[in-house]
Amino acid sequence: MKFALFFLTLIVAVAVAVPVPDGKAETLKFDNVINPDSYNYAYETSNGIQAQEAGELKNLGDTSGLTVRGSYSYTADDGQVYTVTYIADENGFQPDGAHIPKV
């Protein structure tokens, strides 16, 4: 149950974070595989949005946790393509991109 709730929350967060520059965009590619202890998906739209992600349930000692790796890219209103790659695991959400300030 926790896996499903985390997965759903993550999908919603990614969907909300990516702007939709063209409401009439078409899906050009969509792949999706869900297994009991892992998943992956990838999609691409006609307006240049791309995303892919893979998650795997890991044993973290006394408990289990989800390790996720992925990326997404989109063309912003300024015409620049922004790409974010990320890892989400026991160390939290760790995004990386040229436009993201480094700590």
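As a reminder, the structure under discussion sits directly above these lines.
Please read these numbers as outputs of a predicted model, since none were measured by experiment. (Residues numbered from 1 in each chain as written. Predicted model: local features only at pLDDT ≥ 70, side-chain atom pairs only at ≥ 80, totals over all residues. Heavy atoms only, no water.)

## A few points about the packing of aromatic side chains
Scanning all chains against the criterion turns up 5 aromatic pairs. Between Y72 and Y86 the ring centres are 6.4 Å apart and the planes differ by 50°, which places this aromatic pair in the tilted class. Of this pair, Y72 sits in strand 4 (residues 64–75) while Y86 sits in strand 5 (residues 81–89), and the two are 14 residues apart along the sequence. Accessibility assignment for this pair places Y72 and Y86 in one class, buried. With a centroid separation of 5.5 Å and an interplanar angle of 40°, the aromatic rings of Y86 and F93 are classed as tilted. (Phe/Tyr/Trp six-rings, centres within 6.5 Å; stacked < 30°, edge-to-face > 60°. Helix = DSSP H or I, 4+ residues; strand = E, 2+ residues; numbered from the N terminus. Buried < 20%, exposed > 50% of the residue type's maximum accessible area, 1.4 Å probe, protein only.)

## Re the side chain of S73
Looking at where S73 falls in the secondary structure, it is placed in strand 4. Excluding its chain neighbours within four sequence positions, the residues that come into contact with S73 are G48, I49, Q50, V81, Y82 and T83. (Contact = heavy atoms within 4.5 Å.)

## Remarks on the pattern of salt bridges
Counted according to the given criterion, the structure contains 2 salt bridges. Where K58 meets E56, a salt bridge forms, and the shortest distance between an N and an O atom there is 3.7 Å. K58 sits in the partly exposed class, given a relative accessible area of 35%. Among the residues examined, E56 registers a relative accessible area of 40% and is labelled partly exposed. (Salt bridge = Lys/Arg side-chain N within 4 Å of Asp/Glu carboxyl O.)

## Focus: the pairing of strand 1 (residues 27–34)
Little of strand 1 is tucked away: 0 of the 8 residues are buried. The sheet contact formed by strand 1 and strand 2 (residues 38–45) spans 7 bridges and is antiparallel. Note that in strand 2 the partner of V33 across the bridge is N40. Joining the antiparallel neighbours strand 1 and strand 2 is a turn of 3 residues. (Pairing = 2+ DSSP bridges.)

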